[in-house]
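Residue-level structure breakdown
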Amino acid sequence: QVQLVESGGGLVQAGGSLILSCAASVLTFRSYLIDWYRQAPGNQREFVARITTGAGTNYADFVKGRFTISRANAKNTVYRQMNSLQPDDTAVYYCSCAWEHEGGPYGNRYWGQGTQVTVSS
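Residues numbered from 1 in each chain as written. Predicted model: local features only at pLDDT ≥ 70, side-chain atom pairs only at ≥ 80, totals over all residues. Heavy atoms only, no water.

A word on the sheet that holds strand 3 (residues 18-24)
One open sheet accounts for four strands, arranged 1-3-8-7; its pairing is antiparallel. A single partner strand is all that each edge strand has here, and the edge strands are strand 1 (4-7) and strand 7 (67-72). Across the sheet, the mean angle from the axis of one strand to that of its neighbour is 15°, orientation sign disregarded. With six bridges joining them, strand 7 and strand 8 (residues 77-82) adopt antiparallel strand pairing. When the sheet's bridge partners are listed, arginine 71 is paired in strand 8 with valine 78. (Pairing = 2+ DSSP bridges. Helix = DSSP H or I, 4+ residues; strand = E, 2+ residues; numbered from the N terminus. Axes fitted to C-alpha atoms, helices over the stretch in contact; angles between N-to-C directions.)

What follows is the structure, encoded as structure tokens:
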């Protein structure tokens, strides 16, 4: 069983920045790809970004150029720098991981409890 704990959310003004962290309790962290999702009130959960075991990254179009994802395997942690935040970015942000196989997720997917990001106008 993998446990994920997100941190770093909070209230920020439009145009501001936040760094979210996702810490995983797993010995083989370097074998997991990490995804970030978000869910705004009344909306479905949507994909935000991914970082693979090889540190390859993939971003949703609405965050390209604003968000950056990175990983520190020695700390079992993934970071996401969010810049130029807008009110539309207000959501609960979730960290998720899965074993990576041939470049994609394989097997069970694990989720954190989420962290709230609120962007005021």
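Concerning unusual backbone geometry
Unusually for a residue other than glycine, alanine 55 sits at a positive phi of about 70°. Here alanine 55 falls in the partly exposed class, since its relative accessible area comes to 46%. Of note in this structure, serine 84 is not a glycine but carries a positive phi near 50°. Tracing the chain through its elements places serine 84 in the loop between strand 8 and strand 9 (91-101). The exposure class assigned to serine 84 is partly exposed, which follows from its relative accessible area of 37%. (Buried < 20%, exposed > 50% of the residue type's maximum accessible area, 1.4 Å probe, protein only.)

So, the nonpolar core
A general feature of soluble globular proteins is that nonpolar side chains tend to end up buried together. One finds Leu4, Ile34, Trp36, Val78, Met82 and Tyr93 to be the most contacted residues of the largest nonpolar core, which totals 31 residues. Discounting chain neighbours no more than four positions away, the residues touching valine 78 are Leu20, Ser21, Cys22, Phe29, Ile34, Trp36, Ile51, Ile69, Ser70 and Arg71. (Core = buried A, V, L, I, M, F, W, Y, C linked by side-chain atoms within 4.5 Å. Contact = heavy atoms within 4.5 Å.)

Observations concerning the state of the cysteines
In total, this model carries one disulfide according to the counting rule given. Each disulfide pairs two cysteine sulfurs, and for cysteine 22 the partner residue is cysteine 95, the sulfurs being separated by 1.9 Å. Disulfide cysteine 22 to cysteine 95: torsion about the S-S bond roughly -70°, handedness left-handed. In this pair, cysteine 22 sits in strand 3 while cysteine 95 sits in strand 9, placing the two residues 73 residues apart along the sequence. With a relative accessible area of 1%, cysteine 22 lands in the buried category. Taking the relative accessible area as the measure of exposure, cysteine 95 reaches 0% and is therefore buried. For the unlinked cysteine cysteine 97, the closest cysteine sulfur is that of cysteine 95, found at 6.6 Å. (Disulfide = S-S within 2.5 Å.)

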